[in-house]
Amino acid sequence: MSEAVKEISYESTRYNPHAIEPKWQKKWEEAGLYKVDLSDQSKPKYYFLTMYPYPSGDLHTGHWYAEAPADAAARYLRMKGFNVLFPMGFDAFGLPAENAAIKAARRGENVHPATLTYKQIDRMVKQFAQMGAMFDWSKMIATCDPDYYKWNQWFFLKMYEKGLAYKKQSPVDWCPSCNTTLAREQVIGDDRVCERCGTPVIKKDLSQWYLKITDYAEELLNFEGLDWPARVREMQTNWIGRSEGAEVNFETPAGPLTVFTTRPDTLWGASFMVLAPEHPFVAELTSADKRTQVDAYVEEAKRKTEIDRLAEGKEKTGVFIGAYAKNPVTGRDIPIWIADYVLMGYGTGAIMAVPYGDQRDFEFARKFGLDIIPVVKPDDVETVDVAGMDKAYDGPGTMINSGPINGKIHNGEKGQNSPAIAATIEYLEGQNLGKAAITYRLRDWLISRQRYWGTPFPIIYCEEHGAVAVPYETLPVELPTDVEFMPTGESPLKSHESFLNTTCPICGKAATRETDTMDTFMDSSWYWFRYLTPHKEDGPLDAKLAKHWTPVDTYTGGIEHAILHLMYARFFTKVIRDLGLIQQDEPFKRLRNQGIILGEDNEKMSKSRGNVVNPDDLVAEYGADTVRTYLMFIGPWDQGGPWNSKGIEGPTRFLGRSWTLVTEEPTNDEAITEKTLKELKRAVHTAIKEVTDDFENFQFNTAIAELMTLVNVMNKAKSKQVVETLEWQEGIEGLIKMLAPIAPHIAEELWERSNHKGSIHLKNWPSYDETALVKDSISMAVQVNGKVRGQIEVATDASKDDILDTAKAESNVARYLDNAQIVREIVVPGKLVNLVIKA
RNA sequence: GCCGAAGUGGCGGAAUUGGUAGACGCGCUCGACUCAAAAUCGAGUGGAUAAAACCGUGCGGGUUCGAGUCCCGCCUUCGGCACCA
């Protein structure tokens, strides 16, 4: 707080955001106010990152909703004394620009994705400036720059060296609209649609590049030390899908066959075996008399899409292949079937079927008349009646018909937490018949895309040497610009002769380049390191700076990246760590997700619905500060919600009243009282406490509500005498400072107008004084039998007896106490009194 | 089917450890200013009632002096996973 009251000069003009916003934006830029010195270690660092956007060329309300509150949070931290890095860049590769080029080509025009992308980036940078955000543009990156994507190629080669990148032929998901393959994570929901365009995907059998994210499955399940929303952690955990159980070896005429099961304890009830139709053992095991049937089933399974399979209502189908396996613990011969409910891509593509305990196996056994052997006796029955069962039993109980583990208890828990499972695994390992095992649902990350506008793979195919890495010193493999864009289902680079044809780095003979490009999620898997040194030429990142500045302290963005980007980024971080470039295990310490801002009709904003709210129009009408304030005031940030064109009037009036409060000369000349000043001070310090807590917790809506209350209180207290007090000045300074992160332009202008020197944005956040929060007297509710019957005013330090005396004397309360006996008296200091009476 | 989140006025939403439900704002009503309107300022605003008693946080129970908050059983909406062995 200042030591002397400042001279106030009033100059009454109306609040006009259109005059002050461009003025300050220009001054801030000229002064380099938001430039961050990364080498400055005099203050603690804070890396505040918000997800970079695709350069669509137009900043929409969703961008504002994501960025403006993040900007406010970053500004708050800066005022709290941190050296805050708050960078911005562009996720510049991707299909929209390429599709626009194709569209233009069809019209006979020539639009290159690169030209378009850079033009759109320029436009968006200007729009971001209008928002008043404090991004440090000197750190900007665009992932389509060769000096950025060069390092995608570098990371890819490092992974290739370590065996973390590999190529394999297999059935993959293909989007017929985007004309490219997709990662498993990009196929969404029951309908199996493309994450980008919503088109149902189909299967294609292709040779593609993968990154071995499954090597890190176990580590990716560990979120220790991360302050992330539970929802995101659960989604990733679900996606990785860890199952604990055992691998068991079965003898077959074609050799040993391993199956994975989560219930090895039920092995004695395994009465048949099922293989996926694609299983490599099928051909060899099939007996001559079953050959025709089996071939037909395999063919049909191949033809059927997953949609078809689901559409069939999960009715079990399958055929006996005429071969038998030996149940390793009972020695019984059990028939081997194939069925499409067993998937080649999970576990070992083969299962032991225990119809007693597994609903799918149960249905299958009932349909085809296979044996059902009871192995777990529920505790509430004497004997198990298999014939009377209408579904499988997978609950807890005592093991029966199970040889050495008879009498062991299955308690319903997973893995070794169940005594029966633990005992079985011990038995299997002792007999060398199997072992404890863990299986994950997570698949390796398919990164090949058959499109142009992305990072070329640094791989050359040589007839003699196969897939050969492009030497590091010749990186980047530049994306050629003179390319035919028409989509063919193959990469456009394939028809670019001078790109395609090259020589083998090993033998120098004619060779061809890989023509697919990389998934753009590669770009975003490490970009936050690049902000520190966007133009570094001898490496992807600067180890020293990375050590000081990363991991990112707070990361904000949409929940739609819960699995995709955020899981890939965690994976990359662990790989970069294992390459020895960094020490950290995780990229983002604290994660916060904003919700989605909807149209006024509560529907997703879209041109076709005509419910789009354009931020440029809003800024022209209300000014950026009002739009920012309203977006933060609308509700909890992680909830989003519909835009309300009436609702913005609230923040409009609030900023107007704040303006008047500071700039208008008081007319009230009522005499000042000690009490008024004390109340004023209390209001100011209460606001500082509440707003500070709210900023810490990303509760912008209540922070603004608190500031509104402060403005209302100060307006009531304002008088000729009051404005000359230190208390008033402290209130005005506190208010402007707390307004600064939310509405940076008006705060700067009011700061200047109230005779302060230097930018408000370089000042420290106000602190509060606990003693100023204490009231002299407090109002307490008096309840009789739990119902409020009166209000009393007592001194803050009143004793329990004094409070009770005052409570009982309250006239309305006294009415209830007549002819009644008080059986209990409860006093909650500062809150209420409850008198329990018996009539 | 499994897992998770959420249901509070006409609307957006507030409510430390259980302690005065509805902060703040929108809207609405009345008033001031104005020839008038807009803007602004002031007062009021959960329901019902003349007033009190009374009823109110999705529904039904329970614990407690006291429940939006805790427990049990449901309903609805949203999100994720799903023939994953």
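As shown above, the structure is provided for reference.
The shown structure was predicted, so the numbers you read here are calculated from the model rather than taken from an experiment.

Across its full length, chain A holds 25 helices and 32 strands. Projected onto the principal axes, the alpha-carbon positions of chain A cover approximately 110 × 85 × 50 Å. By the burial criterion, 53% of the 839 residues in chain A qualify as buried. Considering only contacts in chain A between residues 6 or more positions apart, those separated by 24 or more positions represent 72%. Here chain A displays about 37,700 Å² of accessible surface, and carbon together with sulfur accounts for 49% of that area. Of the side chains in chain A, 96 bear a positive and 119 a negative charge, and the two mean positions are spaced by 1 Å.

The next subject is the packing of helix H21 (residues 700-717) against helix H22 (residues 726-739). Interaxial distance between H21 and H22 falls to 11 Å at its minimum, and their mutual angle equals 155 degrees. Looking at the two axes, H21 sits roughly antiparallel to H22. Handedness of the crossing formed by H21 with H22: left-handed. Side by side, H21 and H22 meet where Leu707, Leu710, Val711 and Met714 of the first sit next to Trp728, Gly731, Ile732, Leu735, Met738 and Leu739 of the second. Taken together, the residues of the contact of H21 with H22 break down into nine nonpolar, one polar and no charged.

This part takes up the packing of aromatic side chains. One pass over the full model with this rule turns up 56 aromatic pairs. Taken together, a centroid distance of 5.8 Å and an interplanar angle of 45 degrees make the contact between Phe128 and Trp137 tilted. Between Phe364 and Phe368 the ring centres are 4.7 Å apart and the planes differ by 55 degrees, which places this aromatic pair in the tilted class. Placement of the pair is Phe364 and Phe368 together in helix H11 (residues 359-368), with a separation of four residues, close to one helical turn. A relative accessible area of 0% means that Phe364 is categorised as buried. Over the ring of Trp174 we find Lys204, and its NZ or CZ is 3.8 Å from the ring centre. Geometry around Trp239 places Arg441 over its ring, the cationic atom sitting 4.3 Å from the centre.

With that settled, the discussion passes to helix H12 (residues 419-431). Between its terminal C-alpha atoms H12 stretches 18 Å, which fits the 18 Å expected from 13 residues at 1.5 Å a residue. Along H12, the positions that sit buried rather than exposed are Ala420, Ile421, Ala423, Thr424, Ile425 and Leu428.

Once that is clear, we can look at the sheet that holds strand S30 (residues 787-795). Judged by pairing direction, the sheet is mixed, and its four strands sit side by side in the order S30-S29-S32-S31 without closing on themselves. Looking at which strands have only one partner, the edges of the open sheet turn out to be S30 and strand S31 (821-828). Each adjacent strand pair in this sheet contributes to an overall mean axis angle of 20 degrees, direction not counted. Sheet topology note: the S31/strand S32 (residues 832-838) ladder contains seven bridges and is antiparallel. Directly across from Ile826, in S32, lies its bridge partner Asn834. Along the sheet, helix H24 (residues 800-809) makes contact with strand S29 (777-784), S30, S31 and S32, crossing S31 at roughly 125 degrees.

This part is about the sheet that holds strand S25 (residues 552-558). If you walk across this open sheet you meet the four strands as S2-S1-S25-S26, and the pairing is parallel. Whereas interior strands pair on both sides, the edge strands pair on one side only; in this sheet they are strand S2 (83-85) and strand S26 (588-594). Neighbour-to-neighbour, the strand axes of the sheet open up by a mean angle of 20 degrees, direction not taken into account.

Moving on: the pattern of salt bridges. On inspection of all chains with the given rule, the structure shows 38 salt bridges. Between Arg123 and Asp58 there is a salt bridge; the shortest N-O distance is 3.0 Å. Taken as a pair, Arg123 in helix H4 (residues 113-131) and Asp58 in the loop between strand S1 (45-50) and helix H2 (61-79) lie far apart in primary sequence, 65 residues in all. A relative accessible area of 41% means that Arg123 is categorised as partly exposed. With a relative accessible area of 35%, Asp58 lands in the partly exposed category. We note a salt bridge from Glu749 to Arg753, for which the minimum N-O separation is 2.8 Å. Taken as a pair, Glu749 and Arg753 lie in helix H23 (residues 744-753) at a separation of four residues, close to a single helical turn. Accessibility expressed as a relative area gives 3% for Glu749, which makes it buried.

With that settled, the discussion passes to the pairing of strand S12 (residues 333-338). Across the six residues of S12, five count as buried, placing the element largely inside the fold. Of the strand pairs in this sheet, strand S10 (residues 272-275) and S12 are connected by three bridges, and their pairing is parallel. Bridge pairing in S12 links Met273 to Ile336. Relative to S12, strand S11 (residues 319-326) runs antiparallel, the two being bridged by six bridges. For Lys326, the partnering residue across the bridge sits in S12 and is Asp333.

On to the protein's contact with RNA strand B. Of all residues adjacent to RNA strand B, which total 50 residues, the nearest are Thr262, Arg360, Arg441, Arg653 and Asn834. Restricting the count to atoms of RNA strand B within 4 Å of the protein gives a sugar and phosphate share of 61%. Between RNA strand B and Leu343 there is a distance of 2.8 Å, counted from a base nitrogen to a backbone nitrogen or oxygen. A distance of 2.5 Å separates a base oxygen of RNA strand B from a polar side-chain atom of Asn834. Elements represented by at least two residues in the surface near RNA strand B include exactly helix H7 (230-240), strand S9 (255-261), helix H19 (649-663), H21, S29, S30, S31 and S32. Among the elements that line the surface near RNA strand B, the one with the most residues is H21, at six residues. Taken together, the residues of the surface near RNA strand B break down into 18 nonpolar, 15 polar and 17 charged.

Below, the discussion takes up the nonpolar core. Soluble, globular proteins show a tendency: their nonpolar side chains are buried together. Counting 172 residues, the largest nonpolar core has Phe48, Phe156, Leu211, Trp445, Tyr527 and Phe572 as its most contacted members. For this core, the element with the most residues is H2, which contributes 10 residues. Here Leu211 is in contact with Phe156, Met159, Leu164, Ala165, Asp444, Trp445, Ile447, Met522, Phe571 and Phe572, once residues within four sequence places are set aside. Of all hydrophobic cores here, the second largest spans 54 residues; its members include Trp268, Leu275, Leu370 and Ile372.

Below, the discussion takes up the side chain of Glu749. Side-chain polar atoms of Glu749 contact the side chain of Lys23, separated by 2.7 Å. Contact partners of Glu749, with chain neighbours within four places excluded, come to Ile20, Lys23, Trp24 and Trp659.

Quick look at unusual backbone geometry now. Note: most peptide bonds trans; most residues except glycine with negative phi. With an omega of 0 degrees, the peptide bond running from Leu475 to Pro476 counts as cis. With respect to the helices and strands, Pro476 occurs in the loop between strand S21 (466-469) and helix H13 (497-500). A cis amide bond links Thr550 with the next residue in sequence, Pro551, at an omega value of 5 degrees. Secondary-structure assignment places Pro551 in the loop between helix H15 (543-549) and S25. In the Ramachandran plot, Arg192 falls in the positive-phi region, its phi being about 50 degrees despite a non-glycine side chain. Tracing the chain through its elements places Arg192 in the loop between strand S5 (187-188) and strand S6 (193-194). Judged by its relative accessible area of 9%, Arg192 is buried.

A few words now on the environment of Ala276. Mapped onto the elements of the fold, Ala276 is located in the loop between S10 and helix H8 (282-285). Measuring from C-alpha to C-alpha, the distance between Ala276 and Leu750 comes to 72 Å, with 474 residues separating the pair along the chain.

So, about H19. Along its 15 residues, H19 runs 21 Å from first to last C-alpha, staying within 8% of the 21 Å computed at 1.5 Å per residue. Of the residues making up H19, those classed as buried are Pro651, Phe654, Leu655, Ser658, Trp659, Leu661, Val662 and Thr663. In this structure, the buried side of H19 is in contact with helix H1 (17-31), helix H18 (624-633), H21, H22 and H23.

A pair of packed helices is characterised by two quantities: the angle between their axes and the separation of those axes. Between H1 and H23, whose axes approach to 9 Å, the crossing angle comes to 85 degrees. With respect to each other, H1 and H23 are oriented roughly perpendicular. Here Ile20, Glu21, Lys23, Trp24, Gln25, Lys27 and Trp28 of H1 lie close against H23, whose contacting residues are Pro744, His745, Ile746, Glu748, Glu749 and Glu752. Taken together, the residues that form the contact of H1 with H23 break down as five nonpolar, two polar and six charged.

What counts and what doesn't
- Residues numbered from 1 in each chain as written.
- Chains lettered and ligands numbered in written order.
- Predicted model: local features only at pLDDT ≥ 70, side-chain atom pairs only at ≥ 80, totals over all residues.
- Heavy atoms only, no water.
- Helix = DSSP H or I, 4+ residues; strand = E, 2+ residues; numbered from the N terminus.
- Buried < 20%, exposed > 50% of the residue type's maximum accessible area, 1.4 Å probe, protein only.
- Contact = heavy atoms within 4.5 Å.
- Areas by Shrake-Rupley, 256 points an atom, 1.4 Å probe, with all protein chains shown as cover.
- Lys, Arg positive; Asp, Glu negative; His and termini not counted.
- Charge placed at Lys NZ, Arg CZ, Asp CG, Glu CD.
- Axes fitted to C-alpha atoms, helices over the stretch in contact; angles between N-to-C directions.
- Parallel < 35°, antiparallel > 145°, perpendicular 65-115°, else oblique.
- Left-handed = near helix turned anticlockwise from the far one by under 90°.
- Nonpolar A, V, L, I, M, F, W, Y, C, P; charged D, E, K, R; others polar.
- Phe/Tyr/Trp six-rings, centres within 6.5 Å; stacked < 30°, edge-to-face > 60°.
- Lys NZ or Arg CZ within 6 Å of the ring centre and 35° of its normal.
- Expected span 1.5 Å × (residues − 1).
- Pairing = 2+ DSSP bridges.
- Salt bridge = Lys/Arg side-chain N within 4 Å of Asp/Glu carboxyl O.
- Near = heavy atom within 4 Å.
- Polar contact = N/O pair within 3.5 Å; in protein donor to acceptor, adjacent residues only side chain to side chain.
- Core = buried A, V, L, I, M, F, W, Y, C linked by side-chain atoms within 4.5 Å.

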